[in-house]
Amino acid sequence: MATEDMWSVLEDCVKKINDNTAHPENFLSLQDGAAADFTTLTKLLYDLHKTEEPAEYKGSPLVQLVVENFDEEQIWQELELQNNAVMTHFENATNEALSDEKLSVLVEEEDDEENSVEAEGETHDDDDEEEEEEENDDDDDDDDEPPKQSKRMAQDEDGAEGYTDEDSDLDFDVDALEKREKQKKEIGRKGSRPKVVPSEVDDTFFKLSEMESFLDDMDKREGKEDENENELDYFQDLPSDDDDDLDLNDILSAKKKKKIIAKSSRNLKYKDFFDAVDREPGGDEDHSDGEEDNKDKSWQEGGEEIDEEADDYDGEEESDKHIWLMSKVTFNLNEDSEGEDLADIFGGKTPSSAISAVKSSFEKRQEKMSEKIEELEKTALADKPWQLSGEITSQSRPENSMLEEDVEFEQTGRMAPSITAETTLQLEDIIKQRIKDQAFDDVVRKEKPKEEVFDYKKKLALDHEKSKQSLAEIYEQEYLKQNQQKTEEEENSAHVEIQKLMDTLFLKLDALSNFHFTPKPPVPEVKVVSNLPSVTMEEVAPVSASDAMLLAPEEIKEKNKAGDILGDTEKTSTDKMRDRRHKKTVKRIKIKEKEKRQKLKEASGTGENRKLSKAEVAENLKKLTKGGKTKILKDEGKDKALRSSQAFFSELQDQVKSQIKSAKDPSSKKKKHKEVSVSKLKL
Amino acid sequence: PAMDTDKTTLPVAAADGPEDAGSFTTVKSKKSQKRKREAGGADMETEGPGAPKRPQFPAISSDKLRGPDEMRKVSVPAHRYTPLKENWLKIFTPIVENLQLQVRFNLKTRNVEIKTCKETQDIGSLTKASDFVKAFVLGFQVEDALALIRLDELFLESFDVTDVKPLKGDHLSRAIGRIAGKGGKTKFTIENVTKTRIVLAETKVHILGSFQNIKMARTAICNLILGSPPSKVYGNIRVVASRTAERF
């Protein structure tokens, strides 16, 4: 391979890139020239790479990157083809590198050394790296890999550009591997690579971007700590706040990824709290003490769950191994050691010695057992999950967590029938059968029953035709009817009562159950009401009160069709005239009828010799005296005289005496008028 | 033809006993002599103290009770001759089978003769049978007249139109027309409402039915004769009929 040629080509490319990206503010507007440059660069590199590709790579079938008249998407897809093809190869390579125990990372090495180590460990081709770098360049427009970008930019400051990309690439691969191995690892870990953006407020101790990233982290942590509020890691050394800052500082240095382990409080030093003042914020002394190595908080949550750590112990070991390869910090001690002793022990030991020795199978088993034990202890001591903690409201459990639960409860009501294919088939069968039988459940039209007014007196219907039945049959039917009535009356009264009760019961049941229930039409009942004052009907004790009769006044006396009955003073003249006319007509008719009868009688009678009835006699008398022409002689007090002869004669005697007196007496000539007359005496 | 009445042979009154070896002889007054039936047995009144042996007569069987067979005759006018012939079967069947009588039609005298016989259980059935035939002869249908046999309380009344009101000539005809009505409508109406049968034979009116119903029908017919319109008569009989119907 003409590496020198390649090298020169690559240098040219790099230079071009630098030129184009020197002024990032240009990219705010559309830069066609730069885009074209980048496209040609990509093509160049791709072709270069392809020619240098070793046989076993099995890259994409495209020998050359076709860029004419292709837009970005298509170019990207071509690249992706190549990438996917060689991905497996890279994975294998990295696996080999990881599993290679012989590799070791020295803590005190500078970035360059790290990089060189890494370079040794890797089997990447420079071409590949740079190709990927080019690909990254192509993706200027999108932000798919911010960490890579950030790293790149951070390391651009340092000037070690080529290798920083390696870091970023490695990080990417390692991360992917980690993810695959540890499923429980949270993604947040990876993503919390801080960005260092220089701002005006920064000085040796304080960085604005640091603070912001720290705050973000804390926010995230708080969000997770809410779940594990009450959880105490009894076996964990309490980290101090300063440690966090210190850790962040370490992170931000970006040259080394420090793993920060919670130190025991006995062994803390200034270095642990504060950054070395004279150093660049970016650079950092090595924390050569293996014991004092701090764990990278970004890889581990602050108040970390013990179980997670326990679970991830193995995985973390692996990840720690990865991390060493990158940084000079040695190893990632687990905090959930079973006691302080263990921490001390681990702290005392050199990490490298502890891990570099190959563990025997017994030790491995023991480790696993202890893990399990720790896990069990953790769960036993920890708070119960919300599922087991009795009554719980929606505020106390995570959102939508009930959806993931399989809840068991008894249902007292009938469940709605579940519709399955079987039920549909059953239904269809039923439907078909019904159609065959023509047994439809049609709704029958309801007709309102005609209310037949109960005729209290049924009017006889007149039949004008000769009766079909003979007289004998008619009487026969009557006789039978009478007999039937007699037999009906002989029914058992108990039966009748039972029948009545059953009728009411069935009516109620029908009302409840029958879908097409129609209530019975109301039958007019005959009720005998006696017209007594209602008080007497209701109460036994006599109370002087209401005279309310049970019958309404209209029921006692029928209302006059004409309206109110008017008294004499209330009548108007028309009413009076009306009454008068009515009276006259009535009278007229009466008289006429009378006359008629009279005439008839006279006509049918024997003539004048007939005997007149008393009434007729009185009638005649009246007629005669009406005219005034005749006069009725009446007995006026003299009757008594006629009753006995003695009385009569004494009366006569008295009268004669008085006459004589009057005759004798000259003054009493007046009395001469009084005469005794025969007519008066009625002799 | 006179009706033969039952002749009962009267037994001689048993003599009261001068068999008494008594102190005094009783004077038999004529009053005390009663005509007694032999069938009654000896139910004698003795005025004397210590009735001696009474004659004991054994109970008589019903066969001996029966007297000679009785007979009724019903004459048939000429206009009923053919109907009689047509319905003869229907006439004699119930008489013979149900009433156990003997019946024949005497062609010479044109009489229906009914006679009792041995099988006759009830002596009153003879009257029934004769009434039945009489009703038929008057003009009633056989089925209607049959009711006379079946029911005891049915009667037959006849009266003349002129009895109600002396009418002559056209008035009479009109009266008869009023009774009959158009197509016999009025007559049928009265029949249906009052449950009677009416036969209108020129000026004679015959009514067959129970006593109350005959009265109702008679009132109605008399009203018609006297001149009231049929509608009025209908109203009246309807009222009366419903009242009587309610009572039962």
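Here the structure is a predicted model, which is why all the values come from computation and not from measurement.

Caption draft 1: Here's a closer look at a positive patch on the surface. There is a patch of like positive charges on the surface, built from Arg-580, Lys-583, Lys-584, Lys-587, Arg-588, Lys-590, Lys-592, Lys-594, Arg-597, Lys-622 and Lys-626 of chain A. Looking at the positive patch, the elements with two or more residues in it are helix 21 (573–604) and helix 22 (614–627) of chain A.

Caption draft 2: Summary view of a negative patch on the surface. Taken together, Asp-71, Glu-72, Glu-73 and Glu-80 of chain A make up a surface patch of like negative charges. Position of Glu-73 of chain A relative to the elements: it lies in helix 3 (residues 72–99).

Caption draft 3: Spatial organisation of the sheet that holds strand 1 (residues 71–75) of chain B. Residues and elements named next belong to chain B. Strand order in this open sheet of three strands is 1-3-2, and the pairing throughout is antiparallel. Only two strands of the sheet have a single partner each, and these edge strands are strand 1 and strand 2 (102–106). Here the average twist between neighbouring strands, direction ignored, is 20°. Where strand 1 meets strand 3 (residues 111–115), five bridges bridge the pair, whose relative direction is antiparallel. Paired with Arg-72 across the strands is Ile-114, a residue of strand 3. Across the sheet, helix 3 (residues 88–98) is in contact with strand 2 and strand 3; its angle to strand 2 comes to roughly 150°. Docked against the sheet, helix 4 (residues 125–138) engages strand 1 and strand 3, running at close to 5° with respect to strand 1.

Caption draft 4: Quick peek at the interface of chain A and chain B. At the interface, 17 residues of chain A touch 25 residues of chain B. Each partner contributes to the roughly 1,900 Å² buried at the junction of chain A and chain B, and carbon and sulfur atoms together form 62% of this total. Looking only at chain A, the three residues that lose the most surface to chain B are Leu-462, Leu-471 and Tyr-475 of chain A, adding up to 34% of its buried area. The shortest N-O distance in the salt bridge between Glu-476 of chain A and Arg-150 of chain B comes to 3.1 Å. Applying the counting criterion to the chain A and chain B interface returns 11 residue pairs in polar contact (both at pLDDT 80 or more). Residues of the side of chain A that touches chain B, tallied by class, amount to six nonpolar, five polar and six charged.

Caption draft 5: Representation of the environment of Lys-134 of chain B. Residues and elements named next belong to chain B. Within the secondary structure layout, Lys-134 lies in helix 4. Since its relative accessible area comes to 43%, Lys-134 is described here as partly exposed. For the pair Lys-134 and Val-76, spaced 58 residues apart in the sequence, the C-alpha separation amounts to 8.5 Å.

Caption draft 6: Here's a closer look at the pattern of salt bridges. All names here are of chain B. Enumeration according to the criterion identifies 17 salt bridges over all chains in this entry. Taking the shortest distance from any N to any O, the salt bridge between Arg-104 and Glu-113 comes out at 2.5 Å. Looking at Glu-113, the relative accessible area reads 5%, which means it is buried. A salt bridge links Asp-144 to Arg-197, with the shortest nitrogen-to-oxygen separation between them at 3.3 Å. On the criterion of sequence distance, the pair formed by Asp-144 in helix 5 (residues 142–150) and Arg-197 in strand 5 (residues 197–201) is long-range, its members being 53 residues apart. Residue class for Asp-144 comes out buried when judged on its relative accessible area of 7%. The structure contains a network of salt bridges with shared partners spanning Asp-144, Lys-187, Glu-191 and Arg-197.

Reading guide: rules and limits
Residues numbered from 1 in each chain as written. Chains lettered and ligands numbered in written order. Predicted model: local features only at pLDDT ≥ 70, side-chain atom pairs only at ≥ 80, totals over all residues. Heavy atoms only, no water. Patch = residues over 30% accessible without salt bridge, like charges linked within 9 Å, V, L, I, M, F, W, Y side chains within 5 Å. Areas by Shrake-Rupley, 256 points an atom, 1.4 Å probe, with all protein chains shown as cover. Salt bridge = Lys/Arg side-chain N within 4 Å of Asp/Glu carboxyl O. Lys, Arg positive; Asp, Glu negative; His and termini not counted. Charge placed at Lys NZ, Arg CZ, Asp CG, Glu CD. Helix = DSSP H or I, 4+ residues; strand = E, 2+ residues; numbered from the N terminus. Pairing = 2+ DSSP bridges. Axes fitted to C-alpha atoms, helices over the stretch in contact; angles between N-to-C directions. Contact = heavy atoms within 4.5 Å. Buried area = accessible area lost by both parts, 1.4 Å probe. Polar contact = N/O pair within 3.5 Å; in protein donor to acceptor, adjacent residues only side chain to side chain. Nonpolar A, V, L, I, M, F, W, Y, C, P; charged D, E, K, R; others polar. Buried < 20%, exposed > 50% of the residue type's maximum accessible area, 1.4 Å probe, protein only.

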